[in-house]
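# Survey of secondary and tertiary structure
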Amino acid sequence: MTDLEIHQQLQKALDGFKDPETGRPLSKTGQVTDWVVADGHGKCTLRLTSMIRTIETEVVQRLESYLHSQVPGLKSIEIRVDDFDRPAQPLGTIGLTAKAVIAVAAGKGGVGKSTLAAAIALTLEKLGAKVGLMDADIYGPSVPHMLGLEGRPQIADSKIQPIRSGTMPVMSMGFLIERDQAVAWRGPMLNGSITQFLRDTAWGDLDFLIIDMPPGTGDVAITLSQLIPLTGAVIVCTPQEVALLDAGKAISMFEKTKIPILGIVENMSGFTDPETGKTFDIFGRGGARQKADQIAAPFLGEIPIQMVVRSQADEGKLAQALKDPTISKPFEDVCRALVRAITARIATDPLAKISLPVLG
Ligand code: ADP
């Protein structure tokens, strides 16, 4: 086979490989450029949005093996990755520009929901995405404390300016009221503040808005789902039976409000003694995976009990703790599984494409 034939076949093959973000064939989106084929060896540039760069290694590997399977004469393929700009579109009628809005929820307090919400947001940003973090846990806004953030958001250009953790915009009721005042908030005030956080905050152009949900009640979920098309919910639970029963409540609440479950994360899943390397399943293990199977939702992974996570989060240094690769690895795995779950929805559910630009 000549190099020209290989080149033509490679380009043709792109009809059958979809951009994970839009579900459209790469041949139509102009994301593969700079083709060179010499002596049967190919080279190209794959341009990915910041949302999909979070899973770029697996997308590149998938494209590589796909091209080999489609073009038998190809001896090797070298795929370079570069940026592709495709800004998010305004969601609903409130003007939030984000590609995916993800509610992080749990059936009860103390399972690590806020820790997970903050860690998922920080990790997605580290993997290359544009991320905002909204603390809607009105009764116990712990995100500012965990990230060591303080100060009052200012108003500029008629927008609330979020407080930033590094570059990531964060909004929380914790910036606006004293902690012990939070419990006095009820119904309409709560809904009003959620609406304001979403609509009036200068979030900028986001790939992901991560929302730390209050435990238990469905009020906030209902308010959110009326304001914007939520991409879905991540349910956090610990492995014990009782926590799983509570997770079941959270799951049925989302099902009632027609918010898809993107997956379940098992937190505090085992403890490895740093001295001996021995692992103890303190709260049991594997329950969340079974629950996920039961409801046919993706299992997004296990986060072990890590003492550094607790101590650093309590000191406002969660972001610093996540700089250590041994600490951040399980969170990265969860984030990649989450992006995979989102893209799988995009590929199978036309409604999930709502937040994406209409392409020609
Ligand atoms: P929730 O939001 O579900 O009420 P938090 O995120 O506030 O729970 O976490 C409760 C406590 O557990 C915090 O002290 C937090 O630092 C700690 N924690 C959460 N996840 C882990 C983990 N994987 N390893 C160690 N400590 C954790």
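The rules behind these values
- Residues numbered from 1 in each chain as written.
- Predicted model: local features only at pLDDT ≥ 70, side-chain atom pairs only at ≥ 80, totals over all residues.
- Heavy atoms only, no water.
- Helix = DSSP H or I, 4+ residues; strand = E, 2+ residues; numbered from the N terminus.
- Buried < 20%, exposed > 50% of the residue type's maximum accessible area, 1.4 Å probe, protein only.
- Phe/Tyr/Trp six-rings, centres within 6.5 Å; stacked < 30°, edge-to-face > 60°.
- Arc of directions from axis to C-beta.
- Contact = heavy atoms within 4.5 Å.
- Near = heavy atom within 4 Å.
- Polar contact = N/O pair within 3.5 Å; in protein donor to acceptor, adjacent residues only side chain to side chain.
- Areas by Shrake-Rupley, 256 points an atom, 1.4 Å probe, with all protein chains shown as cover.
- Nonpolar A, V, L, I, M, F, W, Y, C, P; charged D, E, K, R; others polar.
- Domains from an automatic or database assignment.
- Buried area = accessible area lost by both parts, 1.4 Å probe.
- Salt bridge = Lys/Arg side-chain N within 4 Å of Asp/Glu carboxyl O.
- Core = buried A, V, L, I, M, F, W, Y, C linked by side-chain atoms within 4.5 Å.
- Axes fitted to C-alpha atoms, helices over the stretch in contact; angles between N-to-C directions.
- Left-handed = near helix turned anticlockwise from the far one by under 90°.
- Lys, Arg positive; Asp, Glu negative; His and termini not counted.
- Pairing = 2+ DSSP bridges.

With that settled, consider unusual backbone geometry. Phi at D157 is positive, roughly 50 degrees, even though this residue is not glycine. Along the chain, D157 turns up in the loop between β7 (155–156) and β8 (159–160). For D157, a relative accessible area of 75% corresponds to the exposed category. With a phi angle near 60 degrees, M268 is a residue other than glycine that sits in the positive phi range. Take M268: it is sitting in the loop between β13 (261–267) and β14 (271–272). Classification of M268 as partly exposed rests on a relative accessible area of 24%.

With that settled, consider the packing of aromatic side chains. A complete count under the given rule lists 1 aromatic pair for this structure. An angle of 50 degrees between the planes, with centres 5.5 Å apart, marks the rings of F17 and Y66 as tilted. Residue F17 is located in the loop between α1 (3–13) and α2 (26–29), and its partner Y66 is located in helix α3 (residues 56–70); the two are separated by 49 residues in the primary sequence. Residue F17 is classed as buried on the basis of its relative accessible area, which comes to 6%.

Turning our eyes to something else, we now look at α1. Within α1, the full set of buried residues consists of I6, L10 and A13. The buried residues of α1 all sit within an arc of 65 degrees when viewed along its axis, so they share a single face. Of the exposed residues in α1, the ones pointing more than 90 degrees away from its buried face are L4 and K12. Residues of α1 that are buried make contact with β1 (32–38) and α3.

Close to the ligand lie 17 residues; G110, K113, S114, T115 and N267 are nearest. Between an oxygen atom of the ligand and a main-chain N or O atom of G112, the distance comes to 2.9 Å. Measuring from a nitrogen atom of the ligand, one finds a backbone N or O atom of Q306 at 2.9 Å. Here the ligand, which alone exposes 570 Å², has 82% of that area covered by the protein. Only α4 (113–126) and α10 (307–314) provide two or more residues apiece to the shell around the ligand. A class-by-class count of the residues in the shell around the ligand yields 7 nonpolar, 7 polar and 3 charged.

Here the focus is the domain arrangement of the protein chain. By domain assignment, the protein chain separates into domain 1 (3–83) and domain 2 (90–348). Distance from the C-alpha centre of domain 1 to the C-alpha centre of domain 2: 34 Å. Across the contact, 12 residues belong to domain 1 and 15 residues belong to domain 2. The junction of domain 1 with domain 2 conceals about 1100 Å² of combined surface from both sides, 63% of it contributed by carbon and sulfur atoms. The largest share of the area that domain 1 buries against domain 2 comes from S50, M51 and T54, three residues that together contribute 53% of it. A salt bridge links R340 to E58, with the shortest nitrogen-to-oxygen separation between them at 2.7 Å. On inspection of domain 1 and its partner domain 2, the count reaches 4 residue pairs in polar contact (both at pLDDT 80 or more). Per-class residue counts for the side of domain 1 that touches domain 2 are 4 nonpolar, 5 polar and 3 charged.

With that out of the way, let us pick up the nonpolar core. Counting 117 residues, the largest nonpolar core has F208, I210 and F254 as its most contacted members. With 10 residues, the top contributor of residues to this core is helix α12 (residues 325–348). With residues up to four places along the chain from it excluded, the contact list for F208 reads M51, A100, I102, L124, A129, K130, V131, G132, V339 and I342.

Attention shifts here to the packing of helix α8 (residues 241–256) against helix α9 (residues 287–294). The interhelical angle for the contact between α8 and α9, taken along N-to-C directions, is 35 degrees, at an axis separation of 11 Å. You can see that α8 and α9 cross each other, and the crossing is right-handed. Taken together, the residues of α9 that come into contact with α8 (itself represented by L244, G248 and I251) are G287, A288 and K291. Looking at the contact of α8 with α9 residue by residue, the class counts come to 3 nonpolar, 2 polar and 1 charged.

The topology assignment puts D135 in strand β6 (residues 131–135). Buried D135, no salt bridge; nearest opposite-charge side chain is K113, N-O distance 6.4 Å. A polar atom in the side chain of D135 sits 3.1 Å from the backbone nitrogen of D137. A distance of 3.4 Å separates a polar side-chain atom of D135 from the backbone nitrogen of V143. If we ignore the near neighbours within four places in the chain, the residues touching D135 are P141, S142, V143, P144, M171, S172, M173, F197 and D212.

Below, the discussion takes up the sheet that holds strand β3 (residues 76–83). Taken in spatial order, the 3 strands of this open sheet run β1-β2-β3, and their pairing is mixed. Each edge of the open sheet carries a strand with a single partner, namely β1 and β3. Here the average twist between neighbouring strands, direction ignored, is 15 degrees. Set on the sheet, α3 makes contact with β1, β2 (41–48) and β3; between it and β3 the angle comes to about 145 degrees.

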